[in-house]
Amino acid sequence: MLKVAVFNLKGGTGKSTTALNLGAAIANPKRRVLLIDLDGQRTLSFALGMDGQAPTALDWLTSEGLFTPLATSTKNLSLIPGDIGLFRLSAESDLFAGALSRLTGFFDVALMDCPPSLSVASVQAILSSDRVLVPTLCEPAALRGFSEAVALIRDERPDMPIEALRVRYKPRLVLTREADDLLIESAVEMDYRLLHTVIPENISVAESIAVQKSVLEYASNSSGAKAYQSLAKECSKVWKVA
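Fair warning: this is a prediction, and the values are worked out from it, not measured in the lab. (Residues numbered from 1 in each chain as written. Predicted model: local features only at pLDDT ≥ 70, side-chain atom pairs only at ≥ 80, totals over all residues. Heavy atoms only, no water.)

> Go over the overall build of the protein chain with me, naming the residues and quoting the values.
The helix and strand inventory of the protein chain stands at ten helices and eight strands. Computed over the C-alpha atoms, the radius of gyration of the protein chain is 17 Å, within 12% of the 18 Å expected from 2.2 N^0.38 for a compact globule of 242 residues. Counting only C-alpha atoms, the protein chain reaches 50 × 40 × 35 Å along its principal axes. Across the 242 residues of the protein chain, 55% fall into the buried class. For the protein chain, restricting intrachain contacts to residue pairs at least 6 apart in sequence, the fraction spanning at least 24 positions comes to 77%. For the protein chain, the computed accessible surface area is about 11,000 Å², with 53% contributed by carbon and sulfur atoms. In the protein chain, the 25 positive side-chain charges and the 27 negative ones have mean positions that sit 8 Å from each other. (Helix = DSSP H or I, 4+ residues; strand = E, 2+ residues; numbered from the N terminus. Rg over C-alpha atoms; globule rule 2.2 N^0.38 Å. Buried < 20%, exposed > 50% of the residue type's maximum accessible area, 1.4 Å probe, protein only. Contact = heavy atoms within 4.5 Å. Areas by Shrake-Rupley, 256 points an atom, 1.4 Å probe, with all protein chains shown as cover. Lys, Arg positive; Asp, Glu negative; His and termini not counted. Charge placed at Lys NZ, Arg CZ, Asp CG, Glu CD.)

Now the structure itself:
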């Protein structure tokens, strides 16, 4: 099972939206995808219409024995919902190794939606992952958070593969083009891969969250849905997912 942490220190950079729609696009009849909502805000769980359902990520991390994630409306896409108790999660030992091992063999890809902080959940998820996906806006404040996130990941896992994803992309803005240049220039220095696919600013993506569906299910012909389908193809190739 490939384990991917979706992380950024800055909030509002599309982590939950990316986890949801990338997961929905990667899932297919031969590929089982698991979404894990590690954020006490539970945006990912809400976006799937499953906030408040159990068992939750807190149950998964703090219990032993068999654990069955919840099926979503998308075939071969499952969810471990978030829990407000994750805000208070503390640990003196690794909670993730054992919890993830109980899922091995049942899923091909696990996308862990991390909170925008150096919480226990975020740090242990990153340490337990095979790679990290960092969504970012092409704006000055967002790029600062992106740089700090990459630096912190490098401090913990120097050899961790990191992919950067540009979301809510507005190609006509000068600010966006300047941000592109900075991301391209720093990719070599900071050792991350800037994904070719960009996710455009698209109202259908926002609307799909409101109606609690993936954008692929809500508006399959929208530019947002097509972008996430392209992202799934690129990530599957980069991640070597069969």
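That covers the picture; the talk isn't over yet.
> Mind laying out the packing of aromatic side chains, listing which residues take part and the relevant values?
All told, the structure shown has two aromatic pairs when counted by the stated rule. Measuring from centroid to centroid gives 5.8 Å for Trp 60 and Phe 96, while their planes differ by 85 degrees, and the two rings are edge-to-face. Here Trp 60 is found in helix H3 (residues 57-62), whereas its partner Phe 96 is found in helix H4 (residues 96-101), with 36 residues between them in sequence. Each member of the pair, Trp 60 as well as Phe 96, is classed as buried. Ring centres of Phe 146 and Tyr 192 lie 5.0 Å apart, and the angle between their planes is 85 degrees; this geometry places the pair in the edge-to-face category. With Phe 146 in helix H6 (residues 140-156) and Tyr 192 in the loop between helix H7 (174-190) and strand S8 (193-200), this pair connects stretches of sequence that are 46 residues apart. Neither Phe 146 nor Tyr 192 differs from the other in exposure class; each is buried. (Phe/Tyr/Trp six-rings, centres within 6.5 Å; stacked < 30°, edge-to-face > 60°.)

> How would you explain unusual backbone geometry if you had to name every residue and give the values?
Across the junction of Ala 54 and Pro 55, the peptide omega takes the value 5 degrees, indicating a cis bond. By the element assignment, Pro 55 lies in the loop between helix H2 (43-47) and H3. Positioned with a positive phi, Asn 76 is a non-glycine residue whose angle comes to about 65 degrees. On the basis of relative accessibility, which here comes to 25%, the residue Asn 76 falls in the partly exposed class.

> Outline the sheet that holds S8, listing residues and values.
One open sheet holds the eight strands; their spatial order is S3-S4-S2-S5-S1-S6-S7-S8, and the pairing between them is mixed. Looking at the sheet topology across the chains shown, the edges are occupied by strand S3 (70-71) and S8. Direction of pairing for strand S6 (residues 131-136) relative to strand S7 (residues 162-169): parallel, over a ladder of five bridges. Within S7, the residue paired with Pro 135 across the bridge is Leu 165. (Pairing = 2+ DSSP bridges.)

> I'd like a rundown of the pattern of salt bridges, residues and numbers included.
Summed over all chains, the structure comprises nine salt bridges. The partner of Asp 108 in a salt bridge is Arg 32, and the shortest N-O contact between them spans 3.4 Å. Residue Asp 108 is found in the loop between H4 and strand S5 (109-113), and its partner Arg 32 is found in the loop between helix H1 (15-26) and strand S2 (33-37); the two are separated by 76 residues along the sequence. The partly exposed category is assigned to Arg 32, whose relative accessible area is 32%. (Salt bridge = Lys/Arg side-chain N within 4 Å of Asp/Glu carboxyl O.)

> Pulling in residues and values, what's your account of H7?
Three- or four-residue spacings in an α-helix give side chains the same orientation, since the helix completes a turn every 3.6 residues. With 17 residues, H7 ought to run about 24 Å at 1.5 Å a step, and its terminal C-alpha atoms sit 24 Å apart, in line with that. Those residues of H7 that sit buried are Thr 176, Ala 179, Asp 180, Leu 183, Ser 186, Ala 187 and Met 190. End-on, the buried residues of H7 take up no more than an arc of 150 degrees, which puts them together on one face. Facing away from the buried side of H7, by more than 90 degrees, are the exposed residues Ile 184, Glu 185, Val 188 and Glu 189. At the exit of H7 stands Asp 191, carrying a positive phi of roughly 60 degrees. (Expected span 1.5 Å × (residues − 1). Arc of directions from axis to C-beta.)

> With reference to specific residues and values, describe the nonpolar core.
In terms of nonpolar packing, the biggest core is built from 43 residues, with Leu 38, Trp 60, Leu 61, Phe 96 and Tyr 192 touching the most fellow members. Among all residues touching Trp 60, those that are not within four sequence positions of it are Ile 36, Leu 38, Phe 67, Ile 80, Phe 96, Ala 99, Leu 100, Arg 102 and Leu 103. Counting 41 residues, the second-largest nonpolar core is a separate cluster that includes Leu 2, Leu 44, Ala 227 and Val 241. (Core = buried A, V, L, I, M, F, W, Y, C linked by side-chain atoms within 4.5 Å.)

> Help me get a handle on the pairing of S7, residues and values and all.
A regular strand carries its side chains on alternate faces of the sheet. Judged by how many residues are buried, S7 sits mostly within the fold: seven of eight residues are covered. Regarding the hand of the β-α-β motif, the stretch spanning S6, H6 and S7 is right-handed. The pairing of S7 with S8 spans four bridges and is parallel. Within S8, the position partnered with Glu 163 by the bridge is Arg 193. Taken together, S7, H7 and S8 constitute a β-α-β crossover, and its handedness is right-handed. (Right-handed = clockwise from strand over helix to strand, strands pointing away.)

Bear in mind that shape data such as this cannot, by itself, settle questions of function.
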